[in-house]
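Read off the chains here:
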2 protein chains.
Amino acid sequence: MAENRAPTIYDVARAAGVAPSTVSRAFSRPGRVSAGTAERIREVARELGYRTNPFARALPTGRTAMIALVVSDVTNPFCSELVQGAQAAAGEGGYTMLLAEARESEPLERALASADGIVLATSRISDETVLTAAGQRPVVVLNRVLPGVPSIISDNARGMRQTVAHLAALGHEHVTYVAGPERSWADGMRRRSLRQAGTEQGIQSRRVGPYPATVEGGARAAVEVVRRPTTAVIAYNDLMAIGLIRALASHGLQVPWDVSVVGFDNIFAAELITPPLTTVAAPLHLLGETAVRHLLAILGGARAESAEPVVLPASLVVRGSTARRRRNSTALTSESFLLSAASPYAEITQS
Amino acid sequence: MAENRAPTIYDVARAAGVAPSTVSRAFSRPGRVSAGTAERIREVARELGYRTNPFARALPTGRTAMIALVVSDVTNPFCSELVQGAQAAAGEGGYTMLLAEARESEPLERALASADGIVLATSRISDETVLTAAGQRPVVVLNRVLPGVPSIISDNARGMRQTVAHLAALGHEHVTYVAGPERSWADGMRRRSLRQAGTEQGIQSRRVGPYPATVEGGARAAVEVVRRPTTAVIAYNDLMAIGLIRALASHGLQVPWDVSVVGFDNIFAAELITPPLTTVAAPLHLLGETAVRHLLAILGGARAESAEPVVLPASLVVRGSTARRRRNSTALTSESFLLSAASPYAEITQS
DNA sequence: TTGAAAGCGCTAACAA
DNA sequence: TTGTTAGCGCTTTCAA
């Protein structure tokens, strides 16, 4: 309410009996000013309640001390932890974090306009757009790999290998993958990893979908899963797995007894549902943190932009949604698995 | 990477054959420039890829077109939707949203330094600090009421009344309230509402706690709940309710058969757990949205800061964690309820 | 309606 | 080590 104009370096300078530039230096590069004056200046500044104006500073330096985190859906539990990790790392580095939910490209524009650098954690934005953005500001992408753009990913391949091994150990011979958003790099990666792991471990796999990466999407997938019997399904993410489990139940199929379900991400709700979800845990917090750290390093002048993506560990967390295959329940042979009415999207691989 | 200095109004002015000030006007106050020139300027600007620099603009105007949302824990599912609503409203109003997680006051400082206004959605910050902040910039608080500070709250009293009525209808005569953070305004409000509703409807209530407003906190509360038998408990929030339910189960008490549990907020996970949680649904998204809208209105010069908090509807969502009281199980009399070993914190009310 | 010019608060040469 | 002096890109009187 008391609209007293905030004190500036000029006020401090006058009160401390030095030149404004000295005050500026005292704050922007301590060490370039004698200990004594520095101390006095800080003292006076404190008394006056001076705070450096980030905008005024941004103008001559071109550095805003802000980074932007662009996500596709804040509501997605996957995001929350990411955001937290990012926010922590940003604060630690003295940066303020902008959060943008990118439905269209406009938020990205705004982010580009005011942030020094950007962390992109959304599959909603096309590779081309990302590349364009990367041409203007340092960009770090999460869970996608793009030539020339530093990226942080979690080890989907490893998680998938563990999952397949786990399922195989439980006696499963076929696995259905419920695909998420088609444009998502992670989806492609998970699909390929499954095929690969399947081949290595003698497990047949097929894919259904794509469906939206939501509880609702998972529920919709259930219809197709029911139509094309399987003993184990791996969903693109936990949200879908949850939707799938519930919908399956309403179709009379009990997880894990009738069918085993595995998710991806290990979101908060994964261990709360019944049965608790077996899932590939992504180091969500670490992912966000690492991305921001990486970005700050680049902003700080680190030119060692190794072309290789940073791979963070992911590994299977076994809970209650997977169980030994029931020999007698679903009379599933290799043939019936492969031949069951295929949807237009279906993609079948044989080990 | 092509580090071509971004075009400025000077570049546009030269290319369009007008003065820089005209370009400025064309963007900041269309209407103060002839339709023809305006069109030409926009044209040229588009070609050059000009974007107004928010920092340069912020300097003379003092307006940054950014608002800050300060929350206590991004990871809390309660926040996610809030953030989304806020972010949507901000974008809609042409504002960029800063997100700060306030563990200490430093993030608040940063927010104050760069945002035009602030939405405070955390109980971690003291009333005094909020008041100080409100003295410097427009502030809107969420779920707390502070003299002179515009606030948005959800109708806890109504939700509580419904809850008590629901419980009473199920035959419960005593209710235990598991308290959350002591400094939280919402906690006090819920406690008072319960006492009030209890008095009105002839239900005895007592309080245990406070405990942290987390799953872990809820689990810890279970110990006390077990020690001091009760047939129904209302938890400060869903997270605690969830922790409570699970911990109760490990103590051999089944919800809702042995004890009914009600939460607050209706977070995403509430309907996923087993049993699905009966809870007072807060309009999370709307809360965030409304807070930001309100803030933008104030920033826009709305002086009608009605002293009254804006109250958004909250109401009970009945799911599976509440059930009819089993007459025979817990032989709970009014005396034993009131006299059971009280913790130092306990506060007992009699209708 | 448009242009000229003076800042907004800070940083960064360059001098002293 | 410190002061002087230009700007950074934009807005905003004030004149024209």
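- By the naming in an unreviewed UniProt entry, chain A is LacI family transcriptional regulator, taken from Actinoplanes friuliensis DSM 7358.

### A look at the overall build of chain A
- Of the regular secondary structure elements, chain A holds 13 helices and 13 strands.
- Compactness check: chain A gives a C-alpha radius of gyration of 26 Å against a globular reference of 20 Å for 351 residues, more than 25% above the reference.
- For chain A, the spread of C-alpha atoms along the principal axes amounts to about 90 × 40 × 35 Å.
- Counting across all 351 residues of chain A, residues that qualify as buried make up 53%.
- In chain A, 72% of the contacts between residues at least 6 apart in sequence involve partners at least 24 apart.
- Of the roughly 14,700 Å² that chain A leaves accessible, carbon and sulfur atoms contribute 53%.
- If the 36 positive side-chain charges of chain A are averaged to one point and the 31 negative ones to another, these points end up 2 Å apart.

### Things to note about helix α11 (residues 238-250) of chain B
Residues and elements named next belong to chain B.
- With 13 residues, α11 should cover 18 Å at 1.5 Å per step; its first-to-last C-alpha distance of 19 Å lies within 8% of that length.
- Most of α11 sits out of view: ten of its 13 residues are buried.
- Looking only at α11, the buried set comprises Asp-238, Leu-239, Met-240, Ala-241, Ile-242, Gly-243, Leu-244, Ile-245, Ala-247 and Leu-248.
- Elements in contact with the buried residues of α11: α5 (77-92), β6 (174-178), α10 (215-227), β8 (232-235), β9 (260-265) and β10 (278-281).

### Focus on the nonpolar core
- In terms of nonpolar packing, the biggest core is built from 145 residues, with A:Leu99, A:Val261, B:Leu99 and B:Val261 touching the most fellow members.
- A:Leu99 has contacts with A:Leu69, A:Val71, A:Val74, A:Val83, B:Val83, B:Gln87, B:Met97 and B:Leu99, leaving out every residue within four places of it along the chain.
- The next biggest cluster of nonpolar side chains, apart from the first, holds 44 residues, and it includes A:Ile118, B:Phe55, B:Ala134 and B:Leu146.

### Concerning the relation of the copies chain A and chain B
- Mapping chain A onto chain B is achieved by rotating through 180° and translating by 0.1 Å along the same axis, at an RMSD of 0.2 Å. Taken together, the rotation and translation describe the operation of a two-fold axis.

### Focus on the protein's contact with DNA strand D
- Lining the immediate surroundings of DNA strand D are 27 residues, of which A:Ser21, A:Thr22, B:Ile9, B:Ser24 and B:Arg57 lie closest.
- By atom count, sugar and phosphate contribute 59% of the portion of DNA strand D lying within 4 Å of the protein.
- Note that a phosphate oxygen of DNA strand D is positioned 2.8 Å from one of the backbone N or O atoms of A:Ala19.
- Here a phosphate oxygen of DNA strand D and a backbone polar atom of B:Ile9 are 2.6 Å apart.
- The element contributing the most residues to the surface near DNA strand D is helix α4 (residues 54-61) of chain B, with five residues.
- The residue makeup of the surface near DNA strand D, split by class, is eleven nonpolar, eleven polar and five charged.

### Concerning the interface of chain A and chain B
- Across the boundary between the two partners, chain A contributes 48 residues, which contact 49 residues of chain B.
- Approximately 4,000 Å² of surface area, both sides summed, lies buried where chain A meets chain B, with 57% of it carried by carbon and sulfur atoms.
- Contact with chain B buries surface across chain A, with A:Phe55, A:Arg110 and A:Leu272 losing the most and accounting together for 17% of the total.
- For the interface between chain A and chain B, the tally reads four salt bridges.
- Contributing elements (two or more residues each) for the side of chain A that touches chain B: α4 (54-61), α5 (77-92), β2 (96-101), α6 (106-114), α7 (127-136) and α11 (238-250) of chain A.

### Points about the domain arrangement of chain A
Residues and elements named next belong to chain A.
- On domain assignment, one finds that chain A holds domain 1 (11-52), domain 2 (66-153 + 285-312) and domain 3 (156-282).
- Tallying the contact residues gives eleven residues for domain 2 and seven residues for domain 3.
- Where domain 2 meets domain 3, there are zero salt bridges.
- Between domain 2 and domain 3 we count one residue pair in polar contact (both at pLDDT 80 or more) in total.
- The residue makeup of the side of domain 2 that touches domain 3, split by class, is five nonpolar, four polar and two charged.

### Side note on the pairing of strand β4 (residues 139-142) of chain B
All names here are of chain B.
- Neither face of β4 is open: one carries Val-139 and Val-141, the other Val-140 and Leu-142, and all of them are buried.
- The pairing of strand β3 (residues 117-121) with β4 spans three bridges and is parallel. In the strand pairing of β4, Leu-120 is matched with Val-141.
- Strand direction decides the pairing type here: β4 and strand β5 (residues 151-154), joined by two bridges, are parallel. Residue pairing across strands places Leu-142 opposite Ile-152, the latter belonging to β5.

### A few points about the protein's contact with DNA strand C
- Taken together, 28 residues lie near DNA strand C, and A:Ile9, A:Ser24, A:Tyr50, A:Arg57 and B:Thr22 sit nearest.
- Of all atoms in DNA strand C that approach within 4 Å of the protein, 63% are sugar or phosphate atoms.
- For DNA strand C, a base nitrogen lies 3.2 Å from a polar atom in the backbone of A:Ala56.
- A distance of 2.7 Å separates a phosphate oxygen of DNA strand C from a polar atom in the backbone of B:Ser34.
- Taken together, the elements giving at least two residues each to the surface near DNA strand C come down to α1 (9-16), α2 (20-28) and α4 of chain A together with α2 (20-28) and α4 of chain B.

### Side note on the packing of α1(A) against helix α3 (residues 35-48) of chain A
All names here are of chain A.
- Relative orientation of the contacting elements α1 and α3 amounts to 120°, with a least axis distance of 9 Å. On the basis of the axis angle, α1 is oblique to α3. Every pair of crossing elements has a handedness; the one defined by α1 and α3 is right-handed. Contact residues: Asp-11, Val-12, Ala-15 and Ala-16 in α1; Arg-40, Ile-41, Val-44, Ala-45 and Leu-48 in α3.

### Points about the pattern of salt bridges
- For the structure shown, the criterion picks out 23 salt bridges over all chains.
- Salt-bridge contacts for B:Arg293 lead to B:Glu92; the nearest nitrogen and oxygen are separated by 3.1 Å. Taken together, the residues span a long stretch of sequence, with B:Arg293 in helix α12 (residues 284-299) and B:Glu92 in helix α5 at a distance of 201 residues.
- B:Asp127 is paired through a salt bridge with B:Arg144; the nearest N and O atoms lie 2.6 Å apart. Pair noted here: B:Asp127 is in helix α7 (residues 127-136) and B:Arg144 is in the loop between β4 and β5, with a separation of 17 residues, a long-range link.
- Residue class for B:Arg144 comes out buried when judged on its relative accessible area of 6%.
- Shared partners join several salt bridges into a network, and the residues in it are A:Glu92, A:Glu289 and A:Arg293.

### Regarding the state of the cysteines
- Inspection of every chain in the model, using the stated rule, returns zero disulfides over all chains.
- Of all cysteine sulfurs in the structure, the one in B:Cys79 sits closest to A:Cys79, which takes part in no disulfide; the separation is 14 Å.
- Overall, A:Cys79 belongs to the buried group, its relative accessible area being 3%.

### Some details on the environment of A:Pro256
Residue and element names in this part refer to chain A.
- Looking at where Pro-256 falls in the secondary structure, it is placed in the loop between α11 and β9 (260-265).
- By relative accessible area, Pro-256 is classed as buried at 6%.
- Expressed as a C-alpha distance, the spacing of Pro-256 and Arg-293, which sit 37 residues apart in the sequence, is 40 Å.
- Beyond its immediate chain neighbours, meaning those up to four positions away, Pro-256 contacts Pro-275, Gly-320, Ser-321, Thr-322 and Ala-323.

### Structural notes on the packing of helix α1 (residues 9-16) of chain B against α2(B)
All names here are of chain B.
- The N-to-C vectors of α1 and α2 enclose an angle of 110°; their axes lie 8 Å apart at closest approach. Between α1 and α2, the interaxial angle falls into the category roughly perpendicular. Facing α1, whose interface residues are Ile-9, Tyr-10, Val-12 and Ala-13, α2 presents Pro-20, Val-23 and Ser-24.
- The class makeup of the residues in the contact of α1 with α2 is six nonpolar, one polar and no charged.

Analysis parameters
- Residues numbered from 1 in each chain as written.
- Chains lettered and ligands numbered in written order.
- Predicted model: local features only at pLDDT ≥ 70, side-chain atom pairs only at ≥ 80, totals over all residues.
- Heavy atoms only, no water.
- Helix = DSSP H or I, 4+ residues; strand = E, 2+ residues; numbered from the N terminus.
- Rg over C-alpha atoms; globule rule 2.2 N^0.38 Å.
- Buried < 20%, exposed > 50% of the residue type's maximum accessible area, 1.4 Å probe, protein only.
- Contact = heavy atoms within 4.5 Å.
- Areas by Shrake-Rupley, 256 points an atom, 1.4 Å probe, with all protein chains shown as cover.
- Lys, Arg positive; Asp, Glu negative; His and termini not counted.
- Charge placed at Lys NZ, Arg CZ, Asp CG, Glu CD.
- Expected span 1.5 Å × (residues − 1).
- Core = buried A, V, L, I, M, F, W, Y, C linked by side-chain atoms within 4.5 Å.
- Least-squares fit on C-alpha atoms with pLDDT ≥ 70 in both.
- Near = heavy atom within 4 Å.
- Polar contact = N/O pair within 3.5 Å; in protein donor to acceptor, adjacent residues only side chain to side chain.
- Nonpolar A, V, L, I, M, F, W, Y, C, P; charged D, E, K, R; others polar.
- Buried area = accessible area lost by both parts, 1.4 Å probe.
- Salt bridge = Lys/Arg side-chain N within 4 Å of Asp/Glu carboxyl O.
- Domains from an automatic or database assignment.
- Pairing = 2+ DSSP bridges.
- Axes fitted to C-alpha atoms, helices over the stretch in contact; angles between N-to-C directions.
- Parallel < 35°, antiparallel > 145°, perpendicular 65-115°, else oblique.
- Left-handed = near helix turned anticlockwise from the far one by under 90°.
- Disulfide = S-S within 2.5 Å.

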